[in-house]
Amino acid sequence: MMKRENPLKEKLADFEAVIFDLDGTLLDSMWIWEDIDISYLGRFGIIPPRDLQRDIEGMSFSETAVYFKERFGLPDSLEVMKADWVAMACDKYLYEIPYKKGAENFLRYCKNRGIKLGVATSNSRELVESASKALSFDTYFSCIMTACEVKKGKPAPDIYQAVAEKLGVSPEKCLVFEDIIPGIMAGISAGMKVCAVEDKYSAGIRKEKQELADYYIENYEELL
């Protein structure tokens, strides 16, 4: 039986800008963070609680550091903590993390049609730059912004509003791609249409993502 075409495919021409979350949405990178949390907290004899990843979803890099320090009573300063995380992750972003299936072809597709492209990520600027160096982001994106550069991280709409402003596009003409609930909520609160992206690290909330977002894809090849 022929697979049904994704309804978003016909709607792409309605948008002037597409804004992507980074980890788990544009890049296949969520797998590294659980490993880093285990290794980092292990230095202090702490086993990460099962709810940790869900609790920090959408937080900026700086907000996550505050959360770790307060929840686990860690002795290191926030700056030392963030520097340690960057050091642990940097090589992986440079050498081990690929685009998600069909993502780069979709970026080319959008660029060739004059659609403006931006990134709105909760990750650190240093790691975004590592990924950019490895995957040549400059080829595609007019604006790359981190949640540390705005007042509040996701699910607040701040970062999506800021990227849209930088791109010079009104929110109703922006399409957001996100893999987690706080990110989907941030895009919706910013007045944008949101497409949820399949990712195995949020597979347990797939139905909730599908119900909340305007569209849903398993991979970007559905849109080409």
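This report concerns the structure included in the present document. Please read these numbers as outputs of a predicted model, since none were measured by experiment.

**Details of the pairing of strand S3 (residues 143-146)**
Then, number 1: Bridge count between strand S2 (residues 116-121) and S3: four bridges; the pairing is parallel. Residue pairing across strands places Ala 120 opposite Met 145, the latter belonging to S3.
Then, number 2: Each parallel crossover has a hand, and the one from S2 via helix H6 (residues 125-135) to S3 is right-handed.

**Side note on the packing of helix H1 (residues 31-42) against helix H4 (residues 78-95)**
Then, number 1: Packing of H1 against H4 brings their axes to within 11 Å, and their N-to-C directions diverge by 135 degrees. On the basis of the axis angle, H1 is oblique to H4. Seen along the crossing, H1 lies across H4 with a hand that is right-handed. Residues Trp 31, Ile 32, Trp 33, Ile 36, Ser 39 and Tyr 40 of H1 pack against Met 81, Asp 84, Trp 85, Met 88, Ala 89, Lys 92 and Tyr 93 of H4.
Then, number 2: A breakdown of the residues in the contact of H1 with H4 according to their chemical character gives ten nonpolar, one polar and two charged.

**Quick look at the environment of Asp 35**
Then, number 1: For Asp 35, the location among the structural elements is in helix H1.
Then, number 2: Since its relative accessible area comes to 41%, Asp 35 is described here as partly exposed.
Then, number 3: Residues Asp 35 and Ala 89, 54 residues apart in the sequence, show an inter-C-alpha distance of 9.9 Å.

**Examining the layout of surface pockets**
Then, number 1: Volume-wise, the largest pocket comes out at about 670 Å³.
Then, number 2: Those elements that provide at least two residues to the lining of the largest pocket are H1, helix H2 (52-56) and helix H3 (61-72).

**Some words on the nonpolar core**
Then, number 1: Phe 20, Phe 68 and Phe 177 are the most contacted members of the largest nonpolar core, which totals 50 residues.
Then, number 2: Contact partners of Phe 68, with chain neighbours within four places excluded, come to Asp 37, Leu 41, Leu 52, Ile 56, Gly 73, Leu 74, Met 81 and Trp 85.

**A short note on the packing of aromatic side chains**
Any pair of aromatic rings gets described here by the distance separating the centres and the angle formed by the planes.
Then, number 1: Applying the stated rule across the entire model yields 18 aromatic pairs.
Then, number 2: Relative to Tyr 220, the ring of Phe 20 has its centre 6.2 Å away and its plane inclined at 55 degrees; by these criteria the two rings are tilted. Linking Phe 20 in strand S1 (residues 17-20) with Tyr 220 in the segment after strand S6 (215-217), this pair joins segments that are 200 residues apart in sequence.
Then, number 3: Under the relative-accessibility criterion, Phe 20 is labelled buried at 0%.
Then, number 4: On the accessibility criterion, Tyr 220 (1% relative accessible area) is buried.
Then, number 5: Here Phe 68 and Phe 72 contribute two aromatic rings whose centre-to-centre distance is 5.5 Å and whose plane-to-plane angle is 65 degrees, an arrangement assigned as edge-to-face. On the criterion of helical spacing, the pair formed by Phe 68 and Phe 72 is a turn pair, its members being four residues apart in helix H3. Assigned by exposure class, Phe 68 and Phe 72 land together as buried.
Then, number 6: In this structure an aromatic cluster arises from ring pairing among Trp 33, Tyr 40, Phe 44, Phe 61, Tyr 67, Phe 68, Phe 72, Trp 85 and Tyr 93.

Reading guide: rules and limits
- Going along each chain's sequence as written, the residues are numbered from 1 onward.
- Residues qualify for local features only when their pLDDT is at least 70, as the model is predicted, and side-chain atom pairs are given and counted only at 80 or more; totals for whole chains, interfaces and linings, by contrast, use all residues.
- By convention in this description, side-chain values take in all heavy atoms of the structure and omit both hydrogens and water.
- Strands qualify as paired when DSSP identifies two bridges or more between them.
- Strands are runs of DSSP state E lasting at least 2 residues, helices are runs of H or I lasting at least 4, and numbering of each runs from the N terminus.
- Handedness of a crossover: with both strands directed away from the viewer, a clockwise path from the first strand across the helix to the second marks it as right-handed.
- All axes here are fitted lines through C-alpha atoms, helices being fitted over the stretch that makes contact, and every angle between N-to-C directions spans 0 to 180 degrees.
- For classification purposes, an angle smaller than 35 degrees is called roughly parallel, one larger than 145 roughly antiparallel, one from 65 to 115 roughly perpendicular, and anything else oblique.
- Note: crossing handedness is left-handed where the near helix turns anticlockwise from the far helix by less than a right angle, and right-handed where it turns clockwise.
- Any two residues having at least one pair of non-hydrogen atoms within 4.5 Å are treated as being in contact.
- Residue polarity is assigned by list, with Asp, Glu, Lys and Arg as charged and Ala, Val, Leu, Ile, Met, Phe, Trp, Tyr, Cys and Pro as nonpolar; anything else, Gly included, falls into the polar class.
- The classification of residues rests on relative accessible area computed with a 1.4 Å probe and restricted to protein chains. Under 20% of the type maximum is buried, over 50% is exposed, and intermediate values are partly exposed.
- Every definition here rests on a 1 Å grid over the protein atoms only: cavities are sets of points where a 1.4 Å probe fits but cannot get out, pockets are open sets enclosed by protein on both sides within 12 Å along at least five of seven lines, and lining residues have some atom within 4 Å of a point.
- Grid points are joined across faces, edges and corners, and a volume is the space filled by probe spheres set on the points.
- Only buried Ala, Val, Leu, Ile, Met, Phe, Trp, Tyr and Cys residues count toward a nonpolar core, and they belong to the same one when joined by side-chain atoms within 4.5 Å.
- Pairing of aromatic side chains requires ring centres within 6.5 Å, counting the rings of Phe and Tyr and the six-membered ring of Trp. Pairs whose planes differ by under 30 degrees are stacked, by over 60 edge-to-face, and all others tilted.

In short, shape yes, function no, at least from these values alone.
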